[in-house]
Amino acid sequence: MLKESMLYLARQDAIRQLAQNNPIGQRVARRFVAGESLDLAIQVAHTLNRQRISVSLDHLGENTSDEREARAAADDYVAIVERIHAEGVEGNISVKLTALGLDISEQLCRDNLARVLRCAQQYGMFVRVDMEAADYTQRTVDMVVELHHTFENVGTVIQTALFRTPEDVERLLSERVRMRLVKGAYLEPPTIAYAHKADVDNAYLRLLPSLLERGVYPAIATHDERMINAAIGVAHERDIPRARFEFQMLYGIRRDLQERLATAGYNVRVYVPYGSQWYPYLTRRMAERPANLMFVLSNALRG
Ligand SMILES: Cc1cc2nc3c(=O)[nH]c(=O)nc-3n(C[C@H](O)[C@H](O)[C@H](O)COP(=O)(O)OP(=O)(O)OC[C@H]3O[C@@H](n4cnc5c(N)ncnc54)[C@H](O)[C@@H]3O)c2cc1C
């Protein structure tokens, strides 16, 4: 119920405006967001790199309905790629198709993404297309598969909450597209997605072996130690070297586990979001864990 309410709030524009302009909101966001500027995100990236942890930078923003804004988002990602390269950061980027104009036109979005991919390609840099709500799954998979024929440096994300996911995994495996495996952060109807967490977890465990064995450098993205231990077990049993996959976690969540895995010699990447449009991202993080809501409320009370 709380999860549903939080995910509903994530989509309310008026509340978003209010929260993002509020100093308490801004302070709370810093727990999960590197800061408002690229400079701050780069500082965080350097700190993580020193701990042998790589990064994926996300300039927060989604669901634009303005063509200029969508082009500006692509320009921005080009600048981020240039900066990552110039700074020698061990990292890549994560983008959302709705920030690049998917709600306006597929052609606009494809052109914008291609521009970002072309720039990243010259530096051998990978670009991850995040997976958004289920309305976008088909278009995201189709666009990534299509662009992957020209740009090998593009990959996407697979959500185990969705019933359709095993088929998407098979398609992406056959196209040799890199995948990040997640449970799924969006509220979906029970006609297309598992309603119970245990079923989402079991689907994650079922997909792990084929992804690790047949995937192209898969990303096991979770903070759930049961999933992580299962991945380590599968890799051990099937003799899959550590260099062939990576673990991913979100900035500010389970830092202890991030460091422990990196110290144990696993590849670890942290997803580092930054920018002023943090509201939908933050509410999704609160929906995942009610304790985060207590953190927000205690900050609000402190004023
Ligand atoms: C690198 C990365 C990229 C992602 N990209 C996408 C994407 O493109 N599309 C998408 O739909 N989803 C994405 N997600 C989110 C994902 O779908 C889950 O919603 C999120 O990871 C929580 O699930 P979990 O696997 O950590 O397991 P859970 O069972 O939810 O959590 C396991 C444990 O992790 C800790 N934890 C989990 N979430 C939080 C939190 N918010 N705050 C504090 N502690 C927490 C708690 O200790 C919890 O007990 C991404 C996640 C990661 C790590």
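Going by the structure above, here's the rest.
Calculation rules
- Residues numbered from 1 in each chain as written.
- Predicted model: local features only at pLDDT ≥ 70, side-chain atom pairs only at ≥ 80, totals over all residues.
- Helix = DSSP H or I, 4+ residues; strand = E, 2+ residues; numbered from the N terminus.
- Pairing = 2+ DSSP bridges.
- Axes fitted to C-alpha atoms, helices over the stretch in contact; angles between N-to-C directions.
- Contact = placed C-beta atoms within 7 Å.
- Near = placed C-beta within 6 Å.
- Nonpolar A, V, L, I, M, F, W, Y, C, P; charged D, E, K, R; others polar.
- Core = buried A, V, L, I, M, F, W, Y, C linked by C-beta atoms within 7 Å.
- Buried ≥ 20, exposed ≤ 12 C-beta atoms within 10 Å, placed from the backbone.
- Parallel < 35°, antiparallel > 145°, perpendicular 65-115°, else oblique.
- Right-handed = clockwise from strand over helix to strand, strands pointing away.
- Left-handed = near helix turned anticlockwise from the far one by under 90°.

1. Description of unusual backbone geometry
Line of reasoning, step 1. One non-glycine residue, Arg-52, lies in the positive phi region at around 70°.
Line of reasoning, step 2. Looking at the secondary structure, you find Arg-52 in the loop between α4 (38-50) and β1 (54-59).
Line of reasoning, step 3. Although it is not a glycine, Arg-254 adopts a positive phi angle of roughly 50°.
Line of reasoning, step 4. Within the fold, Arg-254 resides in the loop between β7 (246-250) and α11 (255-263).

2. Observations concerning the sheet that holds strand β5 (residues 178-182)
Line of reasoning, step 1. Spatially, β1-β2-β3-β4-β5-β6-β7-β8 is the arrangement adopted by the eight strands of the closed barrel, whose pairing is parallel. The average undirected angle you get between the axes of adjacent strands in this sheet is 30°.
Line of reasoning, step 2. Bridge count for β1 against strand β8 (residues 268-274) is six bridges, and the pairing is parallel. Across the sheet, the residue bridging to Ser-54 is Arg-269, located in β8.

3. Here we look at the environment of Thr-160
Line of reasoning, step 1. Mapped onto the elements, Thr-160 comes out in the loop between β4 (154-159) and α8 (165-174).
Line of reasoning, step 2. In contact with Thr-160, other than residues within four places in its own chain, are Thr-165, Leu-181, Lys-183, Gly-184, Val-200, Ala-203, Tyr-204 and Leu-207.

4. So, the site of the ligand
Line of reasoning, step 1. As a matter of local geometry, the ligand sits amid 23 residues, with Asp-130, Val-182, Thr-222, His-223 and Gln-248 nearest to it.
Line of reasoning, step 2. Contributing elements (two or more residues each) for the shell around the ligand: β4, β7 and α12 (279-288).
Line of reasoning, step 3. Tallying contributions element by element places β7 first for the shell around the ligand, with three residues.
Line of reasoning, step 4. The residue makeup of the shell around the ligand, split by class, is 10 nonpolar, six polar and seven charged.

5. Examining the nonpolar core
Line of reasoning, step 1. Membership of the largest hydrophobic core comes to 75 residues, with the highest contact counts inside it found for Leu-57, Leu-100, Val-116, Leu-181 and Val-272.
Line of reasoning, step 2. Among the elements that make up this core, the one with the highest residue count is helix α5 (residues 67-87) (seven residues).
Line of reasoning, step 3. Ignoring any residue separated from it by four or fewer positions in sequence, one finds Val-272 in contact with Ala-34, Ala-41, Val-44, Ala-45, Val-55, Ser-56, Leu-57, Asp-58 and Tyr-251.

6. Structural notes on the packing of α8 against helix α9 (residues 197-214)
Line of reasoning, step 1. Relative orientation of the contacting elements α8 and α9 amounts to 5°, with a least axis distance of 11 Å. With respect to α9, the element α8 is oriented roughly parallel. Contacts from Thr-165, Pro-166, Val-169 and Leu-173 of α8 reach α9 at Ala-203, Leu-207, Ser-210, Leu-211 and Arg-214.
Line of reasoning, step 2. In terms of residue class, the contact of α8 with α9 is built from six nonpolar, two polar and one charged.

7. Some words on the environment of Glu-90
Line of reasoning, step 1. For Glu-90, the position within the fold is in the loop between α5 and β2 (91-95).
Line of reasoning, step 2. A count of 14 C-beta atoms within 10 Å places Glu-90 in the partly exposed class.
Line of reasoning, step 3. Spatially, the C-alpha atoms of Glu-90 and Pro-23 are 32 Å apart, while their sequence positions differ by 67 residues.
Line of reasoning, step 4. If near-sequence neighbours (up to four positions away) are discounted, Glu-90 is found in contact with Asn-49 and Ser-54.

8. Some points on the pairing of β2
A regular strand carries its side chains on alternate faces of the sheet.
Line of reasoning, step 1. By the criterion of burial, β2 is predominantly enclosed, with five of the five residues buried.
Line of reasoning, step 2. With burial as the criterion, each face of β2 is covered, one bearing Gly-91, Ile-93 and Val-95 and the other bearing Asn-92 and Ser-94.
Line of reasoning, step 3. Pairing geometry for β1 and β2, over three bridges, is parallel. Considered in β2, the bridge of Leu-57 is made with Ile-93.
Line of reasoning, step 4. In this region the chain leaves β1, passes through α5 and returns to the parallel neighbour β2; the handedness of that crossover is right-handed.
Line of reasoning, step 5. In this structure, β2 lies alongside strand β3 (residues 127-129), joined through three bridges in parallel fashion. Residue pairing across strands places Val-95 opposite Val-129, the latter belonging to β3.

9. Describing the packing of α9 against helix α10 (residues 225-237)
Line of reasoning, step 1. Orientation of α9 relative to α10, taken along the N-to-C sense of each, is 35°, at an axis distance of 10 Å. In this structure, α9 meets α10 at a crossing whose hand is right-handed. On the side of α9, the interface is formed by Tyr-204, Leu-205, Leu-208, Pro-209 and Leu-212, while α10 contributes Met-227, Ala-230, Ala-231, Val-234 and Ala-235.
Line of reasoning, step 2. For the contact of α9 with α10, the class distribution of residues is 10 nonpolar, no polar and no charged.

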